[in-house]
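Residue-level structure breakdown
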Amino acid sequence: MCLNLPKNHRQKFAQPLGIVLCENDYDKKTLRAFLYNSQVITVGDTTTKKILNCGFVPFLQIIDNKEKRIAKKPIQNTVQTNLYCNNPPGQITKNSIKTIKMAFELSTPVRITVNGEEDLLVLPVCIYAPDNSIVLYGQPNEGLVIVKTNNEIRRSILSLIQYMERE
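Quick summary incoming for the structure in this document. (Residues numbered from 1 in each chain as written. Predicted model: local features only at pLDDT ≥ 70, side-chain atom pairs only at ≥ 80, totals over all residues. Heavy atoms only, no water.)

Some details on the layout of surface pockets
Taking a probe equal in size to a water molecule and rolling it over the atoms shows the remaining empty space. Here is the rule we go by: A 1.4 Å probe that fits into a set of points on a 1 Å grid over the protein atoms alone but cannot get out defines a cavity; an open set with protein on both sides within 12 Å along at least five of seven lines defines a pocket, and lining residues are those with an atom within 4 Å of a point. Grid points are joined across faces, edges and corners, and a volume is the space filled by probe spheres set on the points. Comment: elements are numbered from the N terminus, with helices defined as DSSP H or I runs of at least four residues and strands as E runs of at least two. Side-chain classes are defined by residue name, with Ala, Val, Leu, Ile, Met, Phe, Trp, Tyr, Cys and Pro counting as nonpolar, Asp, Glu, Lys and Arg as charged, and the others, Gly among them, as polar.
The volume enclosed by the largest pocket comes to roughly 1200 Å³. As for the largest pocket, its lining consists of 38 residues, of which Asp119, Tyr137, Gly138, Gln139 and Pro140 are closest to the centre. Among the secondary structure elements, those contributing two or more residues to the lining of the largest pocket are helix H1 (10–13), helix H3 (45–53), strand E5 (66–67), helix H5 (122–128), strand E10 (134–139) and strand E11 (143–148). If one sorts the elements of the lining of the largest pocket by residue count, H3 sits on top with four residues. Class assignment for the residues of the lining of the largest pocket results in 14 nonpolar, 10 polar and 14 charged.

The following block contains the structure:
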């Protein structure tokens, strides 16, 4: 199974899933208030780098070694477990969902390197992450989105996924 994002529904998926912190509105101290005592998950190379630079090591990092679709050097830091999956742009593949589920059962920190694009993987991450995890991802031209995982966000994402086409 594969979920495809149809062009006519892209705007629905562009809305932030949580609180947006503008680029200049956060620092290590601000992030600590949001991230304290939570399992931190990052989706995206820029977000992962920023969180690492603030001194936090996400227990799950999902990257594709690209920033704004331009290839970049892999992020250097110590992870316990490396996983890989294929996920073409505009899709959520069965392989990527399986890899995300597996990541929550392995020694942390875990990094999933995506061959393709990781943007939409924030959706299955929020569905399968333990309650009260904090998922961070970038909102283009706005800032950092912070999502706390719970049943409410899962319901919201599951209703959003209904707009995707199944293959």
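That covers the picture; the talk isn't over yet.
Observations concerning the sheet that holds strand E8 (residues 91–93)
Strands in a sheet are paired, the pairing made by backbone hydrogen bonds, and the direction either parallel or antiparallel. What counts is decided by this rule: Should DSSP find at least two bridges between two strands, the strands are taken to pair.
An order of E8-E1-E12 is seen for the three strands of this open sheet, with the pairing classed as antiparallel. Two strands in the sheet have a free side with no partner beyond their single neighbour: E8 and strand E12 (165–166). Bridging between strand E1 (residues 2–4) and E8 involves three bridges; their strand directions are antiparallel. Along E8, the bridge assignment pairs Leu3 with Ile92.

Overview of the sheet that holds strand E9 (residues 110–116)
Going by this rule: Axis geometry follows a simple rule: fit a line to the C-alpha atoms, using only the stretch in contact for helices, then measure angles between N-to-C directions, giving values from 0 to 180 degrees. Pairs of residues are marked as contacts when any of their non-hydrogen atoms sit within 4.5 Å.
Read from one edge of the open sheet, seven strands run E2-E11-E10-E3-E4-E9-E7, paired in mixed fashion. Only two strands of the sheet have a single partner each, and these edge strands are strand E2 (19–22) and strand E7 (81–87). Taken over all neighbouring pairs, the strand axes of this sheet differ in orientation by 20° on average, direction set aside. Note: E10 against E11, six bridges, orientation antiparallel. Bridge pairing in E11 places Gln139 opposite Gly143. Together, strand E3 (40–43), strand E4 (60–63), E10 and E11 form the strand contacts of H3, whose direction differs from that of E3 by roughly 140°.

Quick look at the environment of Ile41
Selection rule: In this scheme, a residue with accessible area under 20% of its type's maximum is buried, one over 50% is exposed, and one in between is partly exposed, where area comes from a 1.4 Å probe on protein chains only.
Locating Ile41 in the fold gives a position in strand E3. Residue class for Ile41 comes out buried when judged on its relative accessible area of 0%. Sequence separation between Ile41 and Val122 is 81 residues, and the spatial gap between their C-alpha atoms is 9.4 Å. With near-sequence residues (within four places) excluded, Ile41 lies in contact with Phe59, Leu60, Phe104, Val125, Ala129, Ser133, Ile134, Val135 and Leu136.

Quick notes on the environment of Thr78
Topologically, Thr78 is positioned in the loop between strand E6 (70–71) and E7. For the pair Thr78 and Val57, spaced 21 residues apart in the sequence, the C-alpha separation amounts to 9.0 Å.

Concerning the nonpolar core
What counts here: Note on terminology: a nonpolar core comprises buried Ala, Val, Leu, Ile, Met, Phe, Trp, Tyr and Cys residues joined through side-chain atoms within 4.5 Å.
By size, the foremost hydrophobic cluster in this structure holds 35 residues, and its most contacted members are Leu17, Ile62, Ile112 and Leu123. Counting residues per element, this core draws most heavily on H5, at five residues. Not counting the four nearest positions on each side in its chain, Leu123 is found in contact with Phe13, Leu17, Ile92, Ile157, Leu160 and Ile161. With 12 residues, the next largest nonpolar core counts Leu21, Leu35, Leu136 and Ile146 among its residues.

Focus: the side chain of Thr81
Mapped onto the fold, Thr81 is located in strand E7. Its relative accessible area of 16% is what places Thr81 among the buried residues. Excluding residues that lie within four positions of it along the chain, Thr81 makes contacts with Leu106, Ser107, Pro109, Val110 and Arg111.

Observations concerning unusual backbone geometry
Cis geometry is adopted by the peptide bond preceding Pro109, which originates at Thr108 and carries an omega value of 0°. With respect to the helices and strands, the residue Pro109 is situated in the loop between helix H4 (94–103) and E9. Backbone geometry at Asn37 places phi at a positive 60°, although glycine is not the residue there. Mapping Asn37 onto the fold places it in the loop between helix H2 (28–35) and E3. Of note, the phi angle at Asn132 is positive, near 70°, even though the residue is not glycine. Topologically, Asn132 is positioned in the loop between H5 and E10.

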